[in-house]
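Now for the letters of each chain:
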Amino acid sequence: MFKAQVLVAHRIALALFFAALFALAAVNMQWDWIPDYAAKILQGLAKTIVLLISTSIAGFILCIPIALAQVCGPKPLAWLAHKFCTIIRGTPLLLQIWLLYYGLGSIFPYVPGLREAWIWPYLIDPWPYAFVALTLSFAGYEGETMRGAFAGVAKGELEAGHALGMHPFTILRRIWLPRAIQRVLPTLNGELILQLKATPLVATIAVVDTYAIFARIRQETYIIYEPLLLLALTYLLLAGLITLLCKYFEAKSRARLSS
Amino acid sequence: MLNYRDMSVADLLALAPPGWGGVLLDGLWLSLQVAGAGYIIGLLIGGSGALLKISGGPLTRDLLTCYTTLVRSIPELVLILLIYFAGPVALNQLLSALGLPKIEISPLVAGITVIALVQGAYITEVVRGAIEAIPVGHIEAARSLGMRPFTIFRRITLPELLPTALPGLSNLWLIATKDTALLAVVGFSELTLVARQAAATTKHHLLFLCAAGLLYLIVSVISNWLFRRLENRVNRGQSHV
Amino acid sequence: MKFKKLLLATTASLMLLSTAASADITRIGIATEPYPPFSVPDAAGNYNGWEIEIANAVCAAAKLECEIVASAWDGIIPSLKAEKIDVIAASLSVTAARLKVIDFSNKYYQTGAALIGAANSSIAPTAAGVGGKTIGIQSASIHQAYAAKHFPDASIREYQSQDEANQDLFAGRIDATLADVLTLDAFLASEEGQACCKLLGIAKNDVEILGEGIGFGLRKGNDELKAKLNAAIDQIRSDGTYAKISAKYFDFNIYGD
């Protein structure tokens, strides 16, 4: 009882301290630029969120064959999938993005007929490069986690499916994959936040995301700290939102399992 | 201006100018310095953070939770900008308020600080998890045998903690080496930035970006190998289920 | 208590690593991004080019002990304000917007803004001419402000360095790029530039945005250093050093009297 009271007291003090800090920042610092840029910030935010969701979904879909190839694929395929994960996890994402965008771009002028090809409109936009780089990155990291999850599913469950005369693909779809996904679900929250934190890197290839908008605000207003603080707060809130959503879905899936 | 276009790959990557190999290796060395120093300080922060989180008072615990949550949810890129630009100003204001002389924070120190703070937050969680996985009975047994706290730490806690913590710690070391690439954004001459400079100056984009990627990959493969040996060492005597 | 000791030790080691701010060395801030022919990194880890030579000559004339410090272009004014550098020598135009936050020396060269594009392109550097086209510009530059005001119908793509914009023009990803005419000239003279692109025209001047020449950026209130730099600029102008350095890079008067 006493302990709980202490806990509450110091938490209230902490909350008051942070509120005071917040109020101090709000009053003493310069925030008059926010209304001018509010619309742009929202646009950037939308782009960040779209990028986060689309690359996480695409990356997750891509990581399933990569993980499967390593667990039960033929040797060359397993080797290839393993090397893919090693390369993605062993090099900085920033370098991968630049390699994809500027490295590929530097050879465009030497490819005859490329500018007339159907794919050209996609090649000149930085957006697809950002999508591909972030998707591959997510697939590389999640592929490693999924490999462990696939390998960790109890053999007996798969054998049971086999004994029931299930087709191998049905076993995968009905038993192996759901069980593996269940195992990686608790790590998904962390992975999504890591992916969120990776998105601002695309600003270096001229994609206008949240980070790029705040970079522009800093350059146009010459205000150094305030935009950075708001930017940090924005990502903090997004990370919090991801955590809340993950907790919600986890609780929901647990409720469904127990019912 | 040098004509880089007609130079061979070997000449371009030569260690002596006009080859850019030496610059790349210098950049790699700087990256490794920042990653190494940041990781070691991060281990100190993380180790003490974990101990405090387990045995500290409620206020300490909450403050540590604030630290780990903040650092782990804000992109490293933003943290780097904050610490690089706002950090020195705040620190110098504090120093002059205390009547101390101003200090200049070199890009190297700023880089190390960022990596250390980020690593510290993640390591705190890894080590805390590993300590909590140690059966309480083991420590109680040691205590009942009259072991001193430091002896308990050296003989029981550390050997039991390492096998659980090492995979996480090895992963974090790799993240530290890769996070140094983000310092390119503030103009720090680490491997990724010098590779980009070499690429832009010579117009051999693919070559230099791939060369830098290969260097990172070599670092990660060697690190993995070393950590695996370390893991095998600390796992001796552990029962394998 | 152990934690406190650790903290102290860490702070102490950080302090050791960071040198005490010394007043006798003037740190000249330049951008890490290649900006030919003004500043180009070489394979020995040094920077060369017209602006580096001029900065060194000014330091020599002002009897200042200078050190070249490279930082990212888009963070160069924050770096000055955060006292990481003392002088900006990165082709920074003197504009009204920048004068609100930092101070400038007198100009040491003057230039105009130009638009370049593909060799078969017919885009004019006017609002109508660039309408619906993708124009690459360097972020945090005066050209970004110019494009925002004068090219409202163009799709603007921002790059961290002009070199990247040039690279994407060469790759065909953008239709044109607006930048300083001198650095664009250097690009057009390069092999890539000759292969892909041509000058489309000089942009109509807008003194309010493009400014009146390029000067050394300084922290506000640093009047002593400003006076020294101004005197040094005059000195190298009159003793022929300026002309000698410029002749190596340009065949016209870059000062723009």
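What counts, and at which threshold
Residues numbered from 1 in each chain as written. Chains lettered and ligands numbered in written order. Predicted model: local features only at pLDDT ≥ 70, side-chain atom pairs only at ≥ 80, totals over all residues. Pairing = 2+ DSSP bridges. Helix = DSSP H or I, 4+ residues; strand = E, 2+ residues; numbered from the N terminus. Contact = placed C-beta atoms within 7 Å. Axes fitted to C-alpha atoms, helices over the stretch in contact; angles between N-to-C directions. Nonpolar A, V, L, I, M, F, W, Y, C, P; charged D, E, K, R; others polar. pLDDT = per-residue confidence, 0-100. Parallel < 35°, antiparallel > 145°, perpendicular 65-115°, else oblique. Left-handed = near helix turned anticlockwise from the far one by under 90°. Expected span 1.5 Å × (residues − 1). Buried ≥ 20, exposed ≤ 12 C-beta atoms within 10 Å, placed from the backbone. Arc of directions from axis to C-beta.

What about the sheet that holds strand 4 (residues 65–71) of chain C?
Each strand in a sheet pairs with another by means of backbone hydrogen bonds, the pair being arranged parallel or else antiparallel.
Residues and elements named next belong to chain C.
Step number 1: Read from one edge to the other, the open sheet built from five strands follows the order 4-1-5-12-6, with strand pairing classed as mixed. Edge positions in the sheet fall to strand 4 and strand 6 (103–109), since each has one partner strand and no second.
Step number 2: For strand 1 (residues 25–31) and strand 4, the ladder comprises seven bridges, and the chain directions are parallel. Among the inter-strand pairings, Ile-25 is bridged to a residue of strand 4, identified as Glu-65.
Step number 3: Of the strands in this sheet, strand 6 and strand 12 (214–218) are in contact with helix 10 (residues 223–238), which crosses strand 6 at around 10°.

Quick word on unusual backbone geometry
Step number 1: At the junction of Pro-17 of chain B and Pro-18 of chain B, the peptide bond is cis and its omega measures out at 5° in the coordinates.
Step number 2: Summarising the element assignment, Pro-18 of chain B is placed in the loop between helix 1 (9–12) and helix 2 (21–55).
Step number 3: Of the consecutive residues Pro-36 of chain C and Pro-37 of chain C, the connecting peptide bond is found in the cis state with omega at 0°.
Step number 4: For Pro-37 of chain C, the position within the fold is in the loop between strand 1 and strand 2 (40–41).

Remarks on the interface of chain B and chain A
Step number 1: Between chain B and chain A, the residue contacts involve 32 residues of the former and 30 residues of the latter.
Step number 2: Secondary structure elements with two or more residues in the side of chain B that touches chain A: helix 3 (58–73), helix 4 (76–97), helix 8 (191–202) and helix 9 (205–234) of chain B.
Step number 3: Broken down by element, the side of chain B that touches chain A gets its largest block of residues, ten residues, from helix 9 of chain B.

So, the interface of chain B and chain C
Step number 1: In this complex, chain B contributes 30 residues to the contact, which on the side of chain C involves 28 residues.
Step number 2: Elements that contribute at least two residues to the side of chain B that touches chain C include exactly helix 2, helix 4, helix 5 (107–132) and helix 8 of chain B.
Step number 3: At six residues, helix 2 of chain B tops the list of elements feeding residues into the side of chain B that touches chain C.
Step number 4: A breakdown of the residues in the side of chain B that touches chain C according to their chemical character gives 19 nonpolar, six polar and five charged.

Concerning the sheet that holds strand 7 (residues 113–118) of chain C
All names here are of chain C.
Step number 1: One open sheet holds the five strands; their spatial order is 9-8-10-7-11, and the pairing between them is mixed. Looking along the sheet, the strands with just one partner apiece sit at the ends: strand 9 (155–159) and strand 11 (197–202). Across the sheet, the mean angle from the axis of one strand to that of its neighbour is 30°, orientation sign disregarded.
Step number 2: Bridge analysis of strand 7 against strand 10 (residues 176–180) gives five bridges, and the strand direction is antiparallel. If you follow Ala-114 over to strand 10, its bridge partner there is Ala-179.
Step number 3: Along the sheet, helix 6 (residues 162–171) makes contact with strand 8 (134–138), strand 9, strand 10 and strand 11, crossing strand 8 at roughly 155°.

Examining the confidence of the model for chain B
Residue and element names in this part refer to chain B.
Step number 1: On average, residues of chain B carry a pLDDT of 88, and 97% of them reach 70 or more.
Step number 2: Per-element mean pLDDT across chain B ranges from 83 in helix 1 up to 94 in helix 2.
Step number 3: Two summary scores accompany this predicted model of the complex, namely pTM at 0.88 and ipTM at 0.87.

A closer look at the packing of helix 4 (residues 93–107) of chain A against helix 9 of chain B
Step number 1: One way to put it is that helix 4 of chain A packs onto helix 9 of chain B with a least axis distance of 8 Å and a crossing angle of 155°. Here helix 4 of chain A is positioned roughly antiparallel relative to helix 9 of chain B, judged by the angle of their axes. Two packed elements cross with a definite hand, and for helix 4 of chain A against helix 9 of chain B that hand is left-handed. Taken together, the residues of helix 9 of chain B that come into contact with helix 4 of chain A (itself represented by Leu-95, Trp-98, Leu-99, Tyr-102, Gly-103, Ser-106 and Ile-107 of chain A) are His-205, Leu-206, Leu-209, Cys-210, Ala-212, Gly-213 and Tyr-216 of chain B.
Step number 2: Of the residues belonging to the contact of helix 4 of chain A with helix 9 of chain B, the class tally is ten nonpolar, four polar and no charged.

As for the environment of Phe-170 of chain C
Step number 1: Topologically, Phe-170 of chain C is positioned in helix 6.
Step number 2: Measuring from C-alpha to C-alpha, the distance between Phe-170 of chain C and Cys-66 of chain C comes to 37 Å, with 104 residues separating the pair along the chain.

A short note on helix 3 of chain B
The α-helix winds at 3.6 residues per turn, so residues separated by three or four positions along the chain end up facing the same way.
All names here are of chain B.
Step number 1: Spanning 16 residues, helix 3 covers 22 Å between terminal C-alpha atoms, matching the ideal 22 Å at 1.5 Å per step.
Step number 2: For helix 3, the complete set of buried residues consists of Leu-64, Thr-68 and Ser-73. For helix 3, the angular spread of buried residues about the axis comes to 140°, placing them on one side.

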